[in-house]
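Structural features, examined
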Amino acid sequence: MVRRFVPELRESERLDFVVANYENASHGFGLTEKNAKELLGAGVDAMTGGNHTWDKKEIRGLLESLPLLRPVNYPEGVPGRGVRIFDAAGERLAVVNLMGHYGMPMVDNPFLAINRVVDTLEAEGVRNILIDMHAEATSEKRALLMMLRDRVSAIFGTHTHVGTDDLVIDRGCAYVTDTGLTGCRDNVIGMDAKVPIERFLTGLPGRFEVPDKCRAVLQMVVVEIREGRAVEAYKIRAYDEGTVERIFEARVEP
């Protein structure tokens with residue numbers, strides 16, 4: 001879906017920079033070098049991670065050699081970086097990967113960590129700041145918006161796989177609780193339905209598998225940033241049968 005639609009969306013939507021979350025890119029768990037290079041070759045400029053970042057051993061080297069991030073609030077000394085500054089249409093764009101607390105692996109307090117990160121970026125004169133907040137709890141994502149809406153350009157939630165319809169521009173910060181998955185759409189959060197149903201019926205563990213065949217979707221949020229503030233944002237869905245639609249635009253809060 002990325003290879004099929006991202007190149008044409010870059011052209012039709014005049015995209016200067018594309019960020020994707022790589023969490024489940026390699027058969028549902030983490031990211032391999034092969035898949036990383038495929039995604040980067042298909043029009044993705046940078047990729048963020050989350051609780052599945054470490055599922056593939058090779059990610060440690062890839063975090064140093066490719067434009068990949070892992071959550072910034074992992075403890076000091078963990079491989080990789082949680083903040084990178086890129087050139088986007090001649091402007092400096094900071095991409096920050098942050099992971100929530102509830103239901104997630106042990107990491108440092110995300111709210112304290114992101115305040116330190118934004119302080120540093122502001123001191124360096126970086127105005128365009130995009131955050132991938134990889135979190136289970138919607139309240140954590142919403143609280144992050146309330147805390148940072150005057151200081152960052154965009155906060156895009158990831159992790160739950162299910163896209164939300166609360167896209168908003170609040171005081172110049174674009175926000176959505178979850179962007180939504182790109183992948184299979186006719187099952188359980190992108191995975192074959194058999195194992196999740198058995199787990200819910202019996203309580204017994206099982207390994208999730210990506211179906212060999214499925215109906216697929218690509219989900220994307222597009223935001224225009226001027227002088228560090230979001231001025232327009234909208235959601236796009238592309239379907240495997242070829243349909244591409246702009247499904248809603250951000251409400252701009254006064």
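In this report, we go over the structure that sits alongside the text. One numbering rule holds for all chains: residues counted from 1, following each sequence as written. Note on the predicted model: pLDDT of at least 70 is required for a residue's local features to be given, and 80 or more for side-chain atom pairs to be given and counted; whole-chain, interface and lining totals, by contrast, use all residues. Excluding hydrogens and water, the side-chain figures rest on all heavy atoms present in the structure.

The subject of this paragraph is the overall build of the protein. Labels follow the DSSP assignment, with helices taken as runs of H or I lasting at least four residues and strands as runs of E lasting at least two, numbered in each case from the N terminus. Looking only at helices and strands, one finds six helices and 13 strands in the protein. The C-alpha extent of the protein, read off along each of the three principal axes, is 50 × 45 × 35 Å. Type-normalised accessible area, obtained with a 1.4 Å probe on protein chains alone, sets the label of each residue: buried when under 20%, exposed when over 50%, and partly exposed for intermediate values. Expressed as a percentage of its 254 residues, the buried residues of the protein come to 47%. Using a 1.4 Å probe, the Shrake-Rupley method yields the accessible areas, and only the shown protein chains count as cover for residues. Element-wise, carbon and sulfur atoms account for 50% of the exposed surface of the protein, whose accessible area totals about 12,700 Å². Of the charged side chains in the protein, 32 are positive and 39 negative, and the gap between their average positions amounts to 2 Å. Working convention for charge: Lys and Arg count positive, Asp and Glu count negative, and His plus the chain ends are omitted. The atoms used to mark charge sites are NZ of Lys, CZ of Arg, CG of Asp and CD of Glu.

Moving on, we get to the state of the cysteines. Throughout this description, disulfide means a covalent bond between two cysteine sulfur atoms. Cysteine sulfurs are considered disulfide-paired once they come within 2.5 Å of each other. This structure, assessed with the given rule, holds one disulfide. With its sulfur 2.1 Å from that of its partner, cysteine 184 forms a disulfide with cysteine 214. Taking the torsion about the S-S bond as the criterion, the cysteine 184 to cysteine 214 disulfide, at about -75°, is left-handed. Taken together, the residues span a long stretch of sequence, with cysteine 184 in strand E9 (residues 183-184) and cysteine 214 in the loop between helix H6 (194-202) and strand E10 (216-226) at a distance of 30 residues.

We call two strands paired when DSSP finds no fewer than two bridges between them. The strand order across the open sheet built from four strands is E9-E10-E11-E12, with neighbouring strands paired in antiparallel fashion. Bordering the open sheet on either side are E9 and strand E12 (244-249), each of which pairs with just one other strand. The sheet contact formed by E9 and E10 spans two bridges and is antiparallel. Along E10, the bridge assignment pairs cysteine 184 with alanine 216. Lying on the sheet, helix H1 (residues 2-12) is in contact with E10, strand E11 (229-239) and E12; it crosses E10 at an angle near 25°. Note on definitions: a residue-residue contact is assigned when non-hydrogen atoms from the two residues lie within 4.5 Å. Convention adopted: a line fitted to C-alpha atoms gives each axis, helices being fitted over their contacting stretch, and angles between N-to-C directions are expressed from 0 to 180 degrees.

This part is about the sheet that holds strand E8 (residues 173-176). Across the sheet, seven strands lie side by side as E3-E4-E5-E6-E8-E7-E13; this open sheet has mixed pairing. Each edge of the open sheet carries a strand with a single partner, namely strand E3 (83-88) and strand E13 (251-252). Note: strand E6 (residues 154-158) against E8, three bridges, orientation parallel. In the strand pairing of E8, alanine 154 is matched with alanine 174.

The salt bridge definition used is simple: a Lys or Arg side-chain nitrogen within 4 Å of an Asp or Glu carboxyl oxygen. Counted by the stated rule, this structure contains 16 salt bridges. Salt-bridge contacts for arginine 207 lead to glutamate 209; the nearest nitrogen and oxygen are separated by 3.6 Å. Using a relative accessible area of 53% as the deciding quantity, one classes arginine 207 as exposed. A salt bridge links arginine 246 to glutamate 232; its shortest N-O distance comes to 4.0 Å. Placement of arginine 246 in strand E12 and of glutamate 232 in strand E11 is noted, with a sequence separation of 14 residues between them.

Centre distance and the angle of the planes are the two values used to describe a pair of aromatic rings. Classification of ring pairs uses Phe, Tyr and Trp, with its six-membered ring standing for Trp, and accepts pairs whose centres are within 6.5 Å; under 30 degrees between planes counts as stacked, over 60 as edge-to-face, and the remaining range as tilted. Counted according to the given criterion, the structure contains two aromatic pairs. Seen in terms of ring centroids, phenylalanine 17 and phenylalanine 86 are 5.1 Å apart; in terms of plane orientation they differ by 45°. Their pairing is tilted. A residue pair is termed long-range when its members are at least 10 positions apart, and phenylalanine 17 in the loop between H1 and strand E1 (19-21) and phenylalanine 86 in strand E3 qualify at 69 residues. An identical accessibility class is assigned to phenylalanine 17 and phenylalanine 86; each is buried. Arranged with centres 5.6 Å apart and planes meeting at 80°, the rings of tryptophan 54 and tyrosine 74 form a pair that is edge-to-face. Taken together, the residues span a long stretch of sequence, with tryptophan 54 in the loop between strand E2 (46-48) and helix H3 (59-65) and tyrosine 74 in the loop between H3 and E3 at a distance of 20 residues. A relative accessible area of 26% means that tryptophan 54 is categorised as partly exposed. Either the NZ atom of lysine or the CZ atom of arginine qualifies as a charge over a ring when it sits within 6 Å of the ring centre and within 35 degrees of the ring normal. Just above the ring of phenylalanine 29 sits the side chain of arginine 207; from NZ or CZ to the centre is 4.7 Å. Seen from the ring of tyrosine 234, arginine 246 lies directly overhead, with NZ or CZ sitting 3.6 Å from the centre.

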